[in-house]
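Descriptive analysis of the structure
Spelled out from the first residue to the last, the chains are:
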Amino acid sequence: MINAILVFNNHGKPRLVRFYQHLAEEVQQQIIRETFHLVLKRDDHICNFLECGRGASGLHPPPPPPETLHLCLCLCSLFGGSDYKLIYRHYATLYFVFCVDSSESELGILDLIQVFVETLDKCFENVCELDLIFHMDKVHHILQEVVIGGMVLETNMNEIVAQVEAQSKLEKAEGGLSAAPSRAVSAVKNINLPEIPRNINIGDINIKVPNLSQFM
């Protein structure tokens, strides 16, 4: 199961945060900080996953370096267990980090991160960090097409993009319908009606016609 998906920049500023288990806000913030410090300390030539506890085989993996051991133990305690792995990729100014349990394949998650990033790149046409800041709703929607409830939903990029485009068309159509009443009022206001006489005299009877423009 995927327990959390974190995206932050080279300075540790979170750009996308999604937890799939209930955790207090302060615990989430601490997990983000500890995760950032863990991946930041790793060289580019080191493998892209880090085991923070007991491995899938039931045997203890080799302990992490002393400078990161405390952070690993702290991260496990925050998630409430010892069966966690960090799998990440570094693209330009952004780290994409998946925190998963031992049931997930490291290589499978690495491929999933690649699919997610390529989908973002296709939807935003050369995605950058600013897209994650100013189009947060769309980014979350794309993520929901890939992972939902901590389980992988779709790995085919073409299917994901098709669903996102269909949702965008639906939102545009709904936006047009919601704007219809205001357009109708505007059209009525712009109708050039013939001038209506203000007073009508019928014999000794004088009828005063109200000014209809004040009701428009």
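Scoring rules and cut-offs
Residues numbered from 1 in each chain as written. Predicted model: local features only at pLDDT ≥ 70, side-chain atom pairs only at ≥ 80, totals over all residues. Heavy atoms only, no water. UniProt positions renumbered as here; feature names shortened; annotations may be inferred. Helix = DSSP H or I, 4+ residues; strand = E, 2+ residues; numbered from the N terminus. Pairing = 2+ DSSP bridges. Axes fitted to C-alpha atoms, helices over the stretch in contact; angles between N-to-C directions. Contact = heavy atoms within 4.5 Å. Buried < 20%, exposed > 50% of the residue type's maximum accessible area, 1.4 Å probe, protein only.

An unreviewed UniProt entry annotates the protein as AP complex subunit sigma of Spizaetus tyrannus. Quoted verbatim from the Sequence similarities (unreviewed entry) field of UniProt, the annotation for the protein is "Belongs to the adaptor complexes small subunit family."

Quick look at unusual backbone geometry
For Ala92, which is not glycine, the phi torsion reads 50 degrees and is therefore positive. Of note, Ala92 is situated in the loop between β4 (85-91) and β5 (94-100). The backbone of Asn126 shows a phi angle near 70 degrees, a positive value even though the residue is not glycine. Tracing the chain through its elements places Asn126 in the loop between α3 (106-124) and α4 (129-134).

Notes on the sheet that holds strand β2 (residues 14-19)
Spatial ordering of the open sheet is given by β2-β1-β5-β4-β3, a layout of 5 strands whose pairing is antiparallel. For this open sheet the edge positions go to β2 and β3 (49-51), each flanked by a neighbour on one side alone. Neighbouring strand axes in the sheet, compared pairwise and without regard to direction, differ in orientation by 15 degrees on average. Along the sheet, α3 makes contact with β1 (2-9), β2, β3, β4 and β5, crossing β4 at roughly 35 degrees. Of the strands in this sheet, β1 and β2 touch helix α5 (residues 136-146), which is tilted by about 40 degrees from β2.

A word on the pairing of β1
A large share of β1 lies buried, amounting to 8 of its 8 residues. Pairing between β1 and β5: 7 bridges, direction antiparallel. Opposite Asn9, over in β5, you have Leu94 as the bridge partner. Where β1 hands over to β2, the hairpin turn is made up of 4 residues, of which Gly12 adopts a positive phi near 85 degrees.

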